Each structure stands twice: as C-alpha cells, then as structure tokens.
Amino acid sequence: MPDSVQTTRTSAPEQATGNRHFARFTAAQRTMHAVLFSTFLGLAATGLPLRFSESIWARGLAKFVGGFGAILFFHKFFAIALTIAFLVHVKDIFQRALVKREKGVFWGATSMVANWKDVKDIFAHMRWFIGLGQRPKFDRYAYWEKFDYWAVFWGMIVIGFSGYAMWFAPFFAHFLPGWALNAVLVIHSEEGLLAILFIFSIHFVNTHLRPDSFPMDMVIFTGVESEEEFKHKRPLEYQRMVAEGKLESRLAEKPQKWFVNFSRIVGFLAISVGLILLILTLTAYFG
Amino acid sequence: MLAPFATHAQTDCLSCHGDATIKDDSGHNIGVDGQKFSASIHGSLKCNDCHADIKDYPHPEHLAPVECSKCHSDEQDKLKGSVHADGKEHPCTSCHGDAHSIFPKADPRSAVYPLNVPATCGKCHGDSGEGRKHGLSSVLPNYMDSIHGFALSKEGLLVAANCQSCHGSHGILSHTNPASPTFKANIPKTCGSCHAKIDMDYEDGAHGKAIAAGKMKAPVCTDCHTAHAILQPTESAFRMQSTPICGSCHKDKLSTYRDTFHSQLGSLGGYVETARCWDCHGAHKILPASDPSSPIAPANLVVTCGRCHAGANASFVRYQPHANAHDRKLNPALYFVRLFMNLLLASTLTFFVIHTILWLVRARYDQIKKKSAEGDHHA
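Keep in mind it's a predicted model, so treat the numbers as computed, not measured.

## Describing the environment of Phe86(A)
Residue and element names in this part refer to chain A.
Right, so step 1: Position of phenylalanine 86 relative to the elements: it lies in helix α4 (residues 67–99).
Right, so step 2: The class of phenylalanine 86 is buried, set by a relative accessible area of 16%.
Right, so step 3: Once the C-alpha coordinates of phenylalanine 86 and valine 35 are considered, the two residues, 51 residues apart in sequence, prove to be 10.0 Å apart.
Right, so step 4: Discounting chain neighbours no more than four positions away, the residues touching phenylalanine 86 are Phe153, Met156 and Ile157.

## Here's the deal with the nonpolar core
Right, so step 1: One finds Trp57(A), Phe200(A), Leu277(A), Leu268(B) and Leu349(B) to be the most contacted residues of the largest nonpolar core, which totals 51 residues.
Right, so step 2: If you list the elements that add at least two residues to this core, you get α2 (27–51), α3 (58–65), α4, α6 (143–167), α8 (178–209), α9 (219–222) and α12 (257–286) of chain A together with α19 (332–378) of chain B.
Right, so step 3: If you tally residues by element for this core, the top one is α8(A), at ten residues.
Right, so step 4: Beyond its immediate stretch of four places on either side in the chain, Leu349(B) contacts Leu194(A), Leu197(A), Phe198(A) and Ile202(A).
Right, so step 5: Counting residues in each nonpolar core, the second largest holds nine residues, with Ile187(A), Ala323(B), Val337(B) and Met341(B) among its members.

## A few points about the domain arrangement of chain B
Right, so step 1: Each assigned domain of chain B is listed here: domain 1 (232–260) and domain 2 (325–374).
Right, so step 2: On a C-alpha basis, the centres of domain 1 of chain B and domain 2 of chain B stand 36 Å from each other.

## Details of a nonpolar patch on the surface
All names here are of chain A.
Right, so step 1: Taken together, the side chains of Phe94, Leu98, Val99, Phe106, Trp107, Val113 and Trp150 present a nonpolar region at the surface, about 700 Å² in accessible area.
Right, so step 2: Along the polypeptide, tryptophan 107 turns up in the loop between α4 and α5 (116–129).
Right, so step 3: By relative accessible area, which is 57% here, tryptophan 107 ends up exposed.

## A few points about the state of the cysteines
Right, so step 1: Counting across every chain of the model gives zero disulfides over all chains.
Right, so step 2: Here Cys13(B) is not cross-linked by a disulfide; its sulfur's nearest cysteine counterpart is in Cys47(B), at 3.7 Å.

## Looking at the side chain of Asn331(B)
Right, so step 1: By the secondary structure assignment, Asn331(B) is in the loop between α18 (301–306) and α19.
Right, so step 2: With residues near it in sequence (within four places) discarded, Asn331(B) still touches Gln320(B), Ala323(B) and Asn324(B).

## What about the confidence of the model for chain B?
Right, so step 1: Residue-level pLDDT values for chain B average 90, and 96% of them are 70 or greater.
Right, so step 2: Under a pLDDT of 50 for its full length, residues 1–8 of chain B has, in the predicted model, nine contacts with residues more than four places off or in other chains.

What counts, and where the lines are drawn
- All chains use their own residue numbering, which begins from 1 and follows the written sequence.
- Each chain takes a letter, starting from A, and each ligand takes a number, starting from 1, following the order in which they are written.
- Where totals are concerned, whole chains, interfaces and linings use all residues; where local detail is concerned, this predicted model gives features only for residues with pLDDT of at least 70, and gives and counts side-chain atom pairs only at 80 or more.
- Note that water and hydrogens are dropped before the side-chain values are worked out from all heavy atoms of the structure.
- Working definition: helices are DSSP H or I runs of at least four residues, strands are E runs of at least two. Numbering for both runs from the N terminus.
- Exposure classes here rest on a 1.4 Å probe applied to the protein chains alone. A residue is buried below 20% of its type maximum, exposed above 50%, and partly exposed in between.
- Between two residues, a contact is recorded if the distance between any of their heavy atoms is within 4.5 Å.
- As used here, the term nonpolar core means buried Ala, Val, Leu, Ile, Met, Phe, Trp, Tyr and Cys residues forming a set that is joined through side-chain atoms within 4.5 Å.
- Source of the domain bounds: an automatic or database domain assignment.
- Candidates for patches are residues over 30% relative accessible area with no salt bridge; among them, like charges are joined within 9 Å and nonpolar side chains (Val, Leu, Ile, Met, Phe, Trp, Tyr) within 5 Å.
- All accessible-area figures derive from a Shrake-Rupley calculation using a 1.4 Å probe, and residue coverage is judged against the displayed protein chains alone.
- Criterion for a salt bridge: a side-chain nitrogen of Lys or Arg within 4 Å of a carboxyl oxygen of Asp or Glu.
- Sulfur atoms of two cysteines make up a disulfide when they are within 2.5 Å.
- A score from 0 to 100, pLDDT tells how confident the predictor is in each residue.

And the structure:
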C-alpha cells in the first residue's frame, strides 16, 4: 500500500545494491485493474458468441456460459459492474485534481494526458526498434501505456453508451435519430471487437509478454517493482525522484511470496482466457 | 349318388384348410383361420367367390390369383393410374393385409384404420422398406416425429393427418402430376381441407396470390413446414430452421437480418423470443408494407414491435430491421458509421501489430546480446 510504505528505514547498503522495491500502483489502482479485467473477460466471453453467432463455436460457448438466456443476463451484469467502476474512477480523478488539489493529474510528467514528449517518444522508440537510435527514456507513463488507458477510457464511453442505447432502446429513441438505432449495434460490436483484439494481443504482449516483462508484469498485481526494473523501464521518473529527494518515500516492502504466487495464478488465468477468446475471435473472423 | 360338392360351404374347405400347418407342394402355407375369416369383412362370402376357378372337388393343384377387381373395380381403376399401378409389386394385400382377415377401414383391426396407416405405408416407405430401392426417401420416421405423427400415435387423434389424408389411397399420384393433391399448386387446398382458416389467410397473402397467378417459385405450405417432418411452429426447433427457409428466396433480407441483434441472439439456439421473419411479417397472410393491413405497414409498427418491446413508440420504430450497412445509398449514415469503425479497427491494429512485432524483435535481440555479454564476462 503506497500510503503505508512511507518507510522510515534508511537505505541500508544491501538495499542500495538493488534489492530495494518501490511502489508504483496504489491498492485502489490495482483493484481497479482487477475489476476491469475480470468484467472485461466476462463481457468478452458473453459478447463474442453474439458478435459471431453464426460461427461453429458460438452455440457451444453460449451453452458454456449458461445458455442463450443467461448470456444476456451476464453481459448486462458485467456491464453494470464495469460502469460502476468507470464512474468511481472518474469521481476519483476529479476528487484528486479538484478537491485534493493534487498536481500533475491533468498535465506534466505524472499525468495520463498525452504531451509533446510522447509524440517524440513514439518516433524515437520506433527508430530504436530498427536500430536507428537510442532507446528513449520514459517517465511514469510511457506513450503505449497512455494509449492503453485512453483506449479503454474511450472504449468504455463508446461501448457503454451504445450498449445502454440498445438495452433501453425505446427510451433512447426519444433523443437519437432513427439511423442511430441501427448504428449503435455496429458501433458496439466493432468497438468491442477492437477492444478484444487490442487487449488480448497488443496489451498482453506490450505489457506482459515482451522480453522485459515476460511472462507477466507483476507490478499491476503487487503494486511494487524492483529498483532495477524501475531504473530500466522508467529512467526519467527514477532520476526525477532522486533529484527531488522523493525516492525514499516510494520505498516499499518486497511483496509476500504467497501474494506473488496468487497473483501469478490469477494473471495467468486471465491471460489464458483472453488468448482462448482471441483465438476464437480470429477463427470466426477469418473462418 | 354323391351329393353335389357344396361350393359355398366354408366348412367344407376348412375341413382341409382349417389346419394351420397345411402346405402346398411348393411349401407355402395354405391354412386359413376360419374364425378370423368369418369375422372379417368378407366373412359372409363363399371361398370360391374369390377363388373363382374352384368349381368342384378335388380342385386344381394350382389356382389363379384372386382378382379383387371383380368386386372392387372402382379401386382397381384408380390404382391402375397411380404410382402403385404395378400389381405384382403392389398387390391389394400389401396395404390391406392378410387376404383372409381384411376389416373395414373404420375397424381398429384394419391395416388401413387411420391409426394403422403410417405403419402400413411405412412397411415400404420407412428406413428398411422397398421404397428405398426405387430411390424414394424414408419418410416414416419424419412423419412419426411430426406434429401429425405425434397427434396420431400419442394422442390417437383420428382427425390427425395420416399418409392418405394428403396422398389419397388407391389413386396416389406423383407430386409432379398436376392432378395430385401433393402437386405444388394443390398443396394449399390439400392442407386447407383441415386447416381452412390458414388456407384463407394464405390465399389472401402475397405467396398465395403468387401461386394462384402461376408463379410457382412462391412457397406453399410444405416449403416452410416441410411435407412430413412438420413441427409445432412455436417450438424452438422450428423457429431455428425456418428463417433460412425464408432466406433461400429472400437472400438480401436474410443477410441484412443476420446483421441484427434479432438474428445474433436467435442464432444461439432455442431463444424463441427473438423476432424471426414471421413474427413481424406474419406467417400466412404476408402483405407488403404498402398494404394498410400488413403488420409492417408504418401505421402498425408500434403495435407489431410492441408485441416484444414494451414501451415501443413512434421514434423507436424508426429502427430498420433490414438496414444494410454496406449500402451507401440506402443507409448513408449507417454506411459511414460502419466505415469509420472498420477503419478505426484496421488502422489501430495495423499500427500496433507492426509496432509490437518490431519491439519484440528488438527487445529479444538486446536481451540475447546482454546475456552473451554477461556470459563472456563470467568466462
């Protein structure tokens, strides 16, 4: 817990040599990610059979979820859960920025909002991919992480709105033009498909499966990472913490073994389900 | 002097033929159950009324085949023009059963009593019947599983359609024969002989009018309900199978229907509540939207949609159940929404797939380089 990790321990020599751990995510943020991925997996598993209802596996998957009747019920159930999580998140942001007057929520190095450095990072990063330059130094949130965040943010608004418009169509019909009643299904299913394809391939690889983090980046589960990882992945933030003398305040306990193992099981389960759904999606899309 | 041989006396014949084990020289059983025979519809006849070549005793060793047509000439005439005209393959007894125990068709013991008809016809038109040798399909199992077969075999409903209700009995004609009750143009009348109200609706609808006008591509009862495996239309099995049947002619409507939520949820099996073609268009009296009495006429849409969608209102029914997202002229807004979504999906994924693959290669390359450098260092 980042609030409780404000340890008074002095940096013992052996800690300085690389055994130290630093907090990255708060318990609330990690919980948000857990709620996000479990509801998202649920929505994907109950939405895909509808999107690809003509595919060979659709009926089987619908049956597995609990039959054609249960599938809509669960889809709506997960939708409500995710909607609540989304609203809580938006409330938190405004509370942090406007009530607590926290700095760097909407701008600066610690913000999720994209800035000019992100644009430069994209090009520099890609130059590095093909051996044309140095690997750029990232700050607290790299551009692909910001993209993930905003993709989900935008996705929830778009998918959520179009979903509720279908759910309460007679009500929404009062405000929406006629063609929109048709368009909401197209929007809902295409944006949903994009989210599924993106999360289960790009996000999985970028965040978890790439060599630097393989097989899984545990920081989103444990909230802490090793000093080595911190330095390597986010050198700018690390340097800034050192320069501002705040590094010590981020010191955290190394996570408990059982919690790491538990997180691994949950994480692998989520990734496995995601990959299975990805394969089903691809077979239906190209089949 | 010997009394003249009493040719009319069954008892005389039965004195020999009453022995159930009696056989002729080629080994055929020629015994007759006298009691059963006397109870049968022909029980009052003399043996040689049918076995007409017996005049005296002892009678010839080999007798001519019995000619039922001597009395039943009407039936014989009809049979001659029918698909069963070949008397060798289809003797009267093949349907009416054992010659010495024929009962009237209203008698439950009769092979042609309504409840027994399917089994009788099914001897040839079933899975292992002779009919298959002539390239005919096995229809008995389909019929037995149908709503008619069920009513007949499980409920014992004498009014339920059995084979001969639709095909006739002696004068059965091929469905390709315009005089046959199963000829396409005649099917509405054939089914309508029981389902009178539905026939009236059908005749008033677009399909009925088309058939009446000689447009034979239009469907008749059997095109949607099938001929033998007729299901209860409210059953999910029927609701699952019939949308593609409508779609086999209305291809563009099926493909646009497939794009809707109605189809998506409905395709998952058994979900009887989602709208299929006839839930909106009606089943038998199908009319174009321009007809004010059609359920899809603009003025009726709120009621039609409202049957499933509580709270359906005038704005709600502007939804187009057959909108085509690929038709720019017909549905421009939907077309561009789809195009935008497709482009968004394609461009986002294309960029990130390339980005991720390059990244993977580079990161792995660095990792290997670093490892080998460490290896060198340790060495």
